[in-house]
Amino acid sequence: MHVPDGFFDVPVSVGAGVFAAAGVAVCLRGARRELDDRTAPMAGLVAAFIFAVQMLNFPVAAGTSGHLLGGALAAILVGPYTAVLCVAVVLLVQGFFFADGGLTALGVNISLMAIVTTVVGWAVFRTVTRAAPGSRRAVVAGSFVAALVSVPAAALVFTALFWLGGTAPIEVSSVAVAMGGVHLLIGLGEGLITAVTVSSVLAVRPDLVYGARGLARRLVLRTADGEVEVGEQEPAPVRAGLRPVLVGGALVAVLLAGFVSFYASSAPDGLEKVAADKGLSANAGPHHLEDAPLAGYGVKGVDDQRLSNGLAGVAGVGLTVVAGGAVFYAVRRRRRHQDRAIA
Amino acid sequence: MSGGHHQLYRPGETLVHRLPPQCKLVAVVSFAVAVVATPRECFWAFGVYALLLGAVAAAARVPAAFVARRMVIEVPFVLFAVAIPLIGTGERIEALGVSLSVPGLWAAWNILAKATLGVAASILLAATTEPRMMLLGAERLRLPRLLVQIATFMLRYMDVIGDQMRRMRVARESRGFVARDLRQAPVLAKSAGALFIRSYERGERVHLAMLSRGYTGEMPSIRDLSASRRDWGVAALLPGLAFVAALVAWSLP
């Protein structure tokens, strides 16, 4: 999945580079909280581990094999901040030393494979483990689902970037289907291997699994005077508050949609081009939403083409956020109702 | 300590080898930017870029066979690029009885040319710069210290971990293990789990060993890597000429 030079146009590469740099900067601060002064040696060794594991090919089906991306695995084993750093360093080394992945595409590669897989994987993992706190089985199941979801999520973000600034004239829908389908399969393998890896580490050194920090039982001394609990409870995983993630994500989305579509080429996309080439447009009746305020990704009444595109992008993100938030809110309310019903 | 990144570096005493690493890093990244920013219709510009890289390779005495061998890393994308004209949209032409998309052909050429030039530039950088020096150069370019240190440790222990994995593979295979399909994945996953525990515990030992030798969270720098103006001038030749070519390519109708 290493994107080479020339696959994305310059605005998307630059935008992804800024996003990746910001993400890595946040993680540099967060990783110190996870590992203190041990950060450099530990993260370095974990990065070497990820590099080695990525060479571990597993057969997916007859004849084809995939390899681990490792973002979700690293997040569960060593914590999300350290994981982003480790995978980012792996990608940097692969780019500069092994010529694997283009240098101008480093931002895209780090955003997709280090940030998206890790953040999505960790969010899913926390959701699953929070449903059944303190259970080893939930940790393993959470690992499976997290890794399974993280790979197609990265593929979807890749498709979105492709839609914004891909250089190949392939219909976005077919890219989405192809990327999503293949990566769902790879995600299955990734999920399986991640879950078994986490469970085998849990069996030997449960204290090493960051995602299972709350599991360790306190040591109980049975003395003549009764039972005494010794030692401090392992701190629960640092809860990366949801708010900064949400606010940051929204900001980045608005920035990307606004600025990138401001500069993105105004060439029609593949489907529109086919329609124009084949003379379909002339016959086609006016779309019944043609008068809608966002038709053709431009805002009506704003004359400057670029400004209009940028505004449309921002508005699109806003609409998506509102729609997504509404769904999320509805689901949460329903769950609360169910909880109350059970209680 | 065998294999791995040591094969990437070709020791030498040429002008390119002696340049400070930070100059070479900036030069290669700017060169890649110039290549990517070039309009794809300008065939001659890509020829100029290839000539520039050829000149660098000649100056560094890196044989073409060495570069060609390492270009294998690009093969998956060559396959992808070949597929684009077949599945691409837009105007189509017939060639050798196969219907090909014209914008698809352009896109395939675009990706192939730019990716190949980028890969070749990275290979030349890695072939003329010691990995350790490359990291010191990155540190001088104000890459965050912590990131550089993580990369240093990764490079230092990559071979150790890789060898550990190889020994585990030999152990698996000498017991008759063959990975045929996904049902064998749990075995590989258990190996990965064991490898993680070994890596993590090794990290803890390394950290303690370094603490006992006075590690305070920063590595002392024992080599002065300052670059003179002349060094920067020499390093700027490659991206400078590339940017000139890119500008000319843009200004032509």
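These figures come from a predicted structure and were not determined experimentally.

This next bit is on the overall build of chain B. Secondary structure summary: chain B contains 10 helices and two strands in total. The order of α-helices and β-strands along chain B, N terminus first, is α-α-α-α-α-β-β-α-α-α-α-α. Over its C-alpha atoms chain B spans a radius of gyration of 23 Å, topping by over 25% the 18 Å that the globule rule assigns to 253 residues. With the C-alpha coordinates aligned to their principal axes, the bounding extent of chain B is approximately 65 × 55 × 30 Å. For chain B, with 253 residues in total, the buried portion stands at 39%. A separation of at least 24 residues holds for 79% of the contacts in chain B among residues at least 6 apart in sequence.

With that out of the way, let us pick up unusual backbone geometry. All names here are of chain B. One non-glycine residue, arginine 61, adopts positive backbone phi at about 55°. The topology assignment puts arginine 61 in the loop between helix H3 (43–60) and helix H4 (64–70). For arginine 61, a count of 14 C-beta atoms within 10 Å gives the class partly exposed. Unusually for a residue other than glycine, arginine 142 sits at a positive phi of about 70°. Tracing the backbone shows arginine 142 in the loop between helix H7 (131–140) and helix H8 (145–174).

All names here are of chain B. Per-residue confidence for chain B gives a mean pLDDT of 83, with 94% of residues at or over 70. Element-level mean pLDDT values for chain B span from 69 in strand S1 (residues 92–95) up to 90 in helix H2 (residues 21–36). The low-confidence segment residues 1–5, where pLDDT is below 50, has 10 contacts with residues more than four positions distant or belonging to other chains. The ipTM value of the predicted complex is 0.87, and its pTM value is 0.75.

Before going further, it helps to spend a moment on the interface of chain B and chain A. Opposite the 71 residues of chain B that make contact, chain A presents 60 residues. Every element with two or more residues in the side of chain B that touches chain A is listed here: H2, helix H5 (75–87), helix H6 (102–128), H7, H8 and helix H9 (185–211) of chain B. With 17 residues, the single largest contributor to the side of chain B that touches chain A is H9 of chain B. In terms of residue class, the side of chain B that touches chain A is made up of 47 nonpolar, 17 polar and seven charged.

Interfaces are frequently sized by the accessible area removed from exposure as the parts join. Parsing chain B into structural domains produces domain 1 (15–137 + 226–251) and domain 2 (144–212). Placing a centre on the C-alpha atoms of domain 1 of chain B and another on those of domain 2 of chain B gives a separation of 33 Å.

Residues Ala47, Leu85, Cys86, Val87 and Val89 of chain A together with Met154 of chain B are the most contacted members of the largest nonpolar core, which totals 156 residues. If you count residues domain by domain, this core takes at least three from each of domain 1 (15–137 + 226–251) and domain 2 (144–212) of chain B. Not counting the four nearest positions on each side in its chain, valine 87 of chain A is found in contact with Ile50, Gly70, Gly71, Ala74, Met113, Ala114 and Thr118 of chain A.

Residue and element names in this part refer to chain B. Here alanine 57 is to be found in helix H3. For alanine 57, a count of 20 C-beta atoms within 10 Å translates into the label buried. Residues contacting alanine 57, with those up to four places away along its chain left out, are Val62, Val67 and Leu124.

Moving on to the environment of arginine 169 of chain B. Residue position: arginine 169 of chain B is located in helix H8. C-alpha separation for the pair arginine 169 of chain B and serine 191 of chain B, spaced 22 residues apart in sequence, amounts to 8.5 Å.

Residue and element names in this part refer to chain A. At their nearest, the axes of helix H3 (residues 71–78) and helix H7 (residues 172–204) sit 10 Å apart, and the two run at 20° to each other. Here H7 runs roughly parallel to H3, going by the angle between their axes. The crossing of H3 and H7 is right-handed. Taking contact as the criterion, the partners of Ala72, Leu73, Ile76 and Leu77 in H3 are, on H7, Thr194, Thr197, Val198 and Val201.

Contact geometry for H7 of chain A and H9 of chain B: axes closest at 8 Å, N-to-C directions at 50°. In terms of orientation, H7 of chain A and H9 of chain B fall into the oblique class. In the packing of H7 of chain A onto H9 of chain B, the handedness of the crossing is right-handed. Between H7 of chain A and H9 of chain B, the residues in contact are Gly189, Leu192, Ile193, Val196, Thr197, Ser200, Val201 and Val204 of chain A and Ala185, Pro186, Leu188, Ala189, Lys190, Ala192, Gly193, Phe196 and Ile197 of chain B, respectively. Here the contact of H7 of chain A with H9 of chain B is composed, by residue class, of 12 nonpolar, four polar and one charged.

Right, let's get into H8 of chain B. Residue and element names in this part refer to chain B. Over its 30 residues, H8 runs 43 Å from end to end, which matches the ideal 44 Å to within 8%, given 1.5 Å per residue. The largest bend in H8 is about 45°, located at tyrosine 157. In the segment just after H8, glycine 176 is the residue with positive phi, at about 90°.

Rules of the game
- Residues numbered from 1 in each chain as written.
- Chains lettered and ligands numbered in written order.
- Predicted model: local features only at pLDDT ≥ 70, side-chain atom pairs only at ≥ 80, totals over all residues.
- Helix = DSSP H or I, 4+ residues; strand = E, 2+ residues; numbered from the N terminus.
- Rg over C-alpha atoms; globule rule 2.2 N^0.38 Å.
- Buried ≥ 20, exposed ≤ 12 C-beta atoms within 10 Å, placed from the backbone.
- Contact = placed C-beta atoms within 7 Å.
- pLDDT = per-residue confidence, 0-100.
- Nonpolar A, V, L, I, M, F, W, Y, C, P; charged D, E, K, R; others polar.
- Domains from an automatic or database assignment.
- Core = buried A, V, L, I, M, F, W, Y, C linked by C-beta atoms within 7 Å.
- Axes fitted to C-alpha atoms, helices over the stretch in contact; angles between N-to-C directions.
- Parallel < 35°, antiparallel > 145°, perpendicular 65-115°, else oblique.
- Left-handed = near helix turned anticlockwise from the far one by under 90°.
- Expected span 1.5 Å × (residues − 1).
- Bend = angle between axes of the 7 residues up to and from the residue.

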